[in-house]
Amino acid sequence: MRWLRFMYDGSPTYGYMVEQDLVVPISGTPFSRQDARPAPGAAPVPYASLELLVPVVPQTFYAVGRNYRSHIDSVYRASDPEVKDPERPEIGYRANNALLPHGAAIRIPADATEKVHYEGELVAVIGKKGKHISEQRALEHVFGYTIGNDVSERTWQKTDRTMWRSKNTDTFKPMGPWMETHCDLEAMHTNVRVNGELKTSFQTCDMIFGVARYISTISQYFTLYPGDVLWMGTAGTSPDLRDGDVVDIEITGIGTLSNKVVREPHGE
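Predicted, not measured: the structure shown is a model, and the values here were computed from it. (Residues numbered from 1 in each chain as written. Predicted model: local features only at pLDDT ≥ 70, side-chain atom pairs only at ≥ 80, totals over all residues. Heavy atoms only, no water.)

Caption draft 1: Geometry of the overall build of the protein. A tally of regular secondary structure across the protein gives 3 helices and 18 strands. By the compact-globule yardstick of 18 Å for 268 residues, the protein fits well, its C-alpha radius of gyration being 18 Å. Projected onto its principal axes, the C-alpha coordinates of the protein cover approximately 60 × 50 × 30 Å. Looking at the protein as a whole, 50% of its 268 residues are labelled buried. Of the contacts made within the protein by residues no fewer than 6 positions apart, 71% connect residues no fewer than 24 positions apart. Split by element, the accessible area of the protein, about 12700 Å² in all, is 49% carbon and sulfur. In the protein, the 28 positive side-chain charges and the 34 negative ones have mean positions that sit 5 Å from each other. (Helix = DSSP H or I, 4+ residues; strand = E, 2+ residues; numbered from the N terminus. Rg over C-alpha atoms; globule rule 2.2 N^0.38 Å. Buried < 20%, exposed > 50% of the residue type's maximum accessible area, 1.4 Å probe, protein only. Contact = heavy atoms within 4.5 Å. Areas by Shrake-Rupley, 256 points an atom, 1.4 Å probe, with all protein chains shown as cover. Lys, Arg positive; Asp, Glu negative; His and termini not counted. Charge placed at Lys NZ, Arg CZ, Asp CG, Glu CD.)

Caption draft 2: Structural context of a nonpolar patch on the surface. Together, Y93, Y221 and F222 make up an exposed nonpolar region whose accessible area comes to about 370 Å². If you trace the backbone, Y221 turns up in the loop between α3 (211-219) and β16 (229-231). Note on Y221: relative accessible area 62%, which makes it exposed. (Patch = residues over 30% accessible without salt bridge, like charges linked within 9 Å, V, L, I, M, F, W, Y side chains within 5 Å. Salt bridge = Lys/Arg side-chain N within 4 Å of Asp/Glu carboxyl O.)

Caption draft 3: Up close: the domain arrangement of the protein. Annotation of the protein at the domain level lists domain 1 (2-49) and domain 2 (61-263). Each of domain 1 and domain 2 has a C-alpha centre, and these two points are 26 Å apart. Counting from both sides, the interface comprises 8 residues of domain 1 and, opposite them, 13 residues of domain 2. Of all residues in domain 1, R2, W3 and F31 bury the most surface against domain 2, accounting for 75% of the area lost on that side. Close ionic contact of E180 with R2 constitutes a salt bridge, the shortest N to O distance being 3.0 Å. Viewed at the interface, domain 2 and domain 1 are joined by 3 residue pairs in polar contact (both at pLDDT 80 or more). (Domains from an automatic or database assignment. Buried area = accessible area lost by both parts, 1.4 Å probe. Polar contact = N/O pair within 3.5 Å; in protein donor to acceptor, adjacent residues only side chain to side chain.)

Caption draft 4: Region of the structure containing the side chain of D228. Here D228 lies in the loop between α3 and β16. Among buried charged residues, D228 stands out as having no salt bridge; its nearest opposite-charge side chain is K129, 11 Å away. Polar contacts involving the side chain of D228 include one to the main-chain amide nitrogen of Y225, which spans 2.9 Å. Each residue touching D228, except ones within four places of it in the same chain, is listed here: P58, Q59, T60, Y62, A124, V125, I126 and T223.

Caption draft 5: Inspection of the environment of P38 at higher detail. On the secondary structure map, P38 appears in the loop between β3 (22-25) and β4 (45-46). Taking the relative accessible area as the measure of exposure, P38 reaches 43% and is therefore partly exposed. Here the alpha-carbon distance between P38 and E140, two residues 102 residues apart in the chain, equals 25 Å. Beyond its immediate chain neighbours, meaning those up to four positions away, P38 contacts Y16, V24, P25, I26 and S27.

Caption draft 6: Here's a closer look at the environment of A42. Locating A42 in the fold gives a position in the loop between β3 and β4. Apart from the residues within four sequence positions on either side, A42 is in contact with Y8 and P25.

Caption draft 7: Representation of the side chain of T169 within the structure. With respect to the helices, strands and loops of the structure, T169 is situated in the loop between α2 (154-159) and β13 (173-180). There is a polar contact of 2.7 Å between the side chain of T169 and the backbone oxygen of R165. Apart from the residues within four sequence positions on either side, T169 is in contact with N97, A98, P109, W156 and W164.

Structure representation (structure tokens):
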């Protein structure tokens with residue numbers, strides 16, 4: 001099932017897509033069967049008429065780095081051949097202020113360098129609370145999947161002590177357009193296009209550590225809650241993004257996340 005979050009009667013609302021691209025608003029959230037009922041008196045609304053929001057606002061925004069060997073080769077080993085593959089899953093965090101819905105503009109600050117890159121990522125959305133989850137049972141805690149674009153300012157990433165702005169600047173984390181609950185991880189393929197031209201293509205599941213391993217690892221220390229998200233890393237590398245570029249990240253079985261790039265003028 002395909003779940004969306006959008007503005008409805010002036011409020012953020014969840015809904016699910018039915019035939020003919022119609023969306024049924026619900027009164028609660030999709031993470032509870034009791035809440036996931038059509039809103040009283042709500043009629044299905046056309047998808048094309050919706051103002052989309054990010055499909056979920058997470059309580060905790062987890063992120064994975066260096067999870068594809070081709071990304072390690074092109075981004076890290078290119079400057080340091082001694083960089084090794086990770087020996088265990090390691091987790092980072094991102095900030096909710098950076099989240100951006102499908103169709104909205106990625107805004108690059110005026111003082112950013114030209115080294116601003118996309119990272120097309122699979123995003124796992126947690127649907128069931130859990131701690132000390134086994135790897136074998138980990139996927140039972142996944143509600144569904146969506147798509148993320150981990151926009152990164154590489155010069156800041158190298159020179160700042162932390163990734164406070166290189167990864168977390170406002171609008172640097174597009175996510176959407178919806179959550180898909182029925183996905184075949186083994187069959188997924190990720191394609192990234194800039195202005196319609198294919199730039200990156202890889203098997204989505206070709207990770208060093210998969211979704212189940214990461215969920216199990218996190219849960220040994222932290223309680224996972226419905227709505228938490230885990231961004232799973234990327235493969236390959238990106239061209240420098242420029243003002244006016246449009247980045248489309250397609251993951252088969254989910255859909256396409258599309259956002260335009262806008263560079264802010266000096267003085268704004």
